[in-house]
Amino acid sequence: MASSVAGIVCLILLLCSAIPSLATVYTVGDSTGWAMSVDYSTWTSGKTFVVGDTLAFNYGSGHTVDEVSASDYSTCTVGNAITSDSSGSTTIPLKAAGKRYFICGVMGHCGSGMKLAVTVSAAPTTTPSGTPPSSAGTTTSRPTPTTVTTPSSSVPASSSSVTLSPFVVVLISFCVALFNFVKGT
Ligand SMILES: [Cu+2]
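From a predicted model like this one, the values you see are computed outputs, not experimental measurements.

Rules behind the numbers
- Residues numbered from 1 in each chain as written.
- Predicted model: local features only at pLDDT ≥ 70, side-chain atom pairs only at ≥ 80, totals over all residues.
- Helix = DSSP H or I, 4+ residues; strand = E, 2+ residues; numbered from the N terminus.
- Contact = placed C-beta atoms within 7 Å.
- Core = buried A, V, L, I, M, F, W, Y, C linked by C-beta atoms within 7 Å.
- Buried ≥ 20, exposed ≤ 12 C-beta atoms within 10 Å, placed from the backbone.
- Pairing = 2+ DSSP bridges.
- Axes fitted to C-alpha atoms, helices over the stretch in contact; angles between N-to-C directions.
- pLDDT = per-residue confidence, 0-100.

With that settled, consider the overall build of the protein chain. Scanning the protein chain for helices and strands turns up 5 helices and 8 strands. Across the protein chain, helices and strands are ordered from the amino to the carboxyl terminus as α-β-α-β-β-β-α-β-β-β-β-α-α. By sequence separation, contacts in the protein chain at least 24 residues apart represent 75% of the contacts at least 6 residues apart.

So, on to the environment of His 109. Locating His 109 in the fold gives a position in the loop between β7 (98-103) and β8 (115-121). Sequence separation between His 109 and Met 36 is 73 residues, and the spatial gap between their C-alpha atoms is 6.6 Å. Apart from residues no more than four positions distant in its own chain, His 109 is found in contact with Met 36, His 63, Cys 104 and Met 114.

Counting 17 residues, the largest nonpolar core has Val 28, Trp 34, Leu 55, Phe 57, Ile 103 and Met 114 as the members making the most contacts within it. Counting only elements with at least two residues in this core, the list comes to β3 (54-58), β4 (65-68), β7 and β8. If near-sequence neighbours (up to four positions away) are discounted, Met 114 is found in contact with Trp 34, Met 36, His 63, Ile 103, Cys 104 and His 109.

Another point: the pairing of β7. As paired strands, β4 and β7 are joined by 3 bridges and run antiparallel to one another. Across the sheet, Val 68 pairs through a bridge with Tyr 101, a residue of β7.

What follows deals with the sheet that holds strand β5 (residues 83-85). Paired through backbone hydrogen bonds, the strands of a sheet run either parallel or antiparallel to each other. The 5 strands are arranged β2-β8-β7-β4-β5 in an open sheet whose pairing can be described as mixed. In this open sheet, the two edge strands, each paired with only one partner strand, are β2 (49-50) and β5. The pairing of β4 with β5 spans 3 bridges and is classified as antiparallel. Paired with Val 65 across the two strands is Asp 85, which belongs to β5.

With respect to the helices and strands, Ala 56 occurs in strand β3. The exposure class assigned to Ala 56 is partly exposed, which follows from the 15 C-beta atoms found within 10 Å. Sequence separation between Ala 56 and Gly 33 is 23 residues, and the spatial gap between their C-alpha atoms is 8.7 Å. Not counting residues within four places of it along the chain, the set of residues in contact with Ala 56 comprises Val 25, Tyr 26, Thr 27, Val 28 and Thr 91.

Bringing the pairing of β8 into the picture now. With 2 bridges joining them, β2 and β8 adopt parallel strand pairing. The residue of β8 that forms the bridge with Val 50 is Ser 121. As paired elements, β7 and β8 share 6 bridges and run antiparallel to each other. Counted as the bridge partner of Ile 103 is Lys 115 from β8.

This part is about the sheet that holds β3. Pairing is mixed across the open sheet formed by 3 strands, whose spatial order is β1-β3-β6. The two strands at the open ends of the sheet, each matched to only one other strand, are β1 (25-27) and β6 (89-93). The average undirected angle you get between the axes of adjacent strands in this sheet is 20°. Pairing of β3 with β6, which is carried by 5 bridges, proceeds in the antiparallel orientation. Note that in β6 the partner of Leu 55 across the bridge is Ile 92.

With that settled, consider the confidence of the model for the protein chain. Mean pLDDT for the protein chain: 75, with 56% of residues reaching 70 or above. Across residues 7-16, where pLDDT falls below 50, the model places 5 contacts with residues more than four positions away in sequence or in other chains.

A separate point is unusual backbone geometry. Of note in the backbone geometry, Asp 30 takes a positive phi value of approximately 55° without being a glycine. Mapped onto the elements, Asp 30 comes out in the loop between β1 and α2 (40-44). Classification of Asp 30 as exposed rests on a count of 10 C-beta atoms within 10 Å. Even without a glycine there, the phi angle at Cys 76 is positive, about 55°. Along the polypeptide, Cys 76 turns up in the loop between α3 (70-75) and β5. Overall, the presence of 17 C-beta atoms within 10 Å leaves Cys 76 in the partly exposed class.

Dropping the structure here:
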């Protein structure tokens, strides 16, 4: 029972550590896509972008995906794009760690919300795979023996010593009284 639970916990931890190491394709804005009605700072919050992941921009005609500098991103300056695409389906592979900035190159669209900044982290290949097994070993091994051994060994031992000692005292005093009674007569 305990070994099967530990096995399941290890399997879950292995799956959890394996999933982030796989390359993820992030559809920008999810089902809404690359549009003016999406707050992309909200969309990126809680997401961790790592090297090897891909950004997929889906949008209709009349929009572009321009990669821009940090200053052009913050000021919504169009026309200085590093790269630009208007195909309707733009995939951006995140090949290096650092910040990436994307805006729509159509005048006014960036100011209406079509701006995306992502922070790309180095792919954590060694750090998570090394730490979960050690923490899994301590968390799974620690509660199992204490919950099993503590009630079975200490509780009956303490209750038996508590219930036995008055009997022993009574038995000894009875024996002493009997011995004195026999000795007296
Ligand atoms: Cu646009």
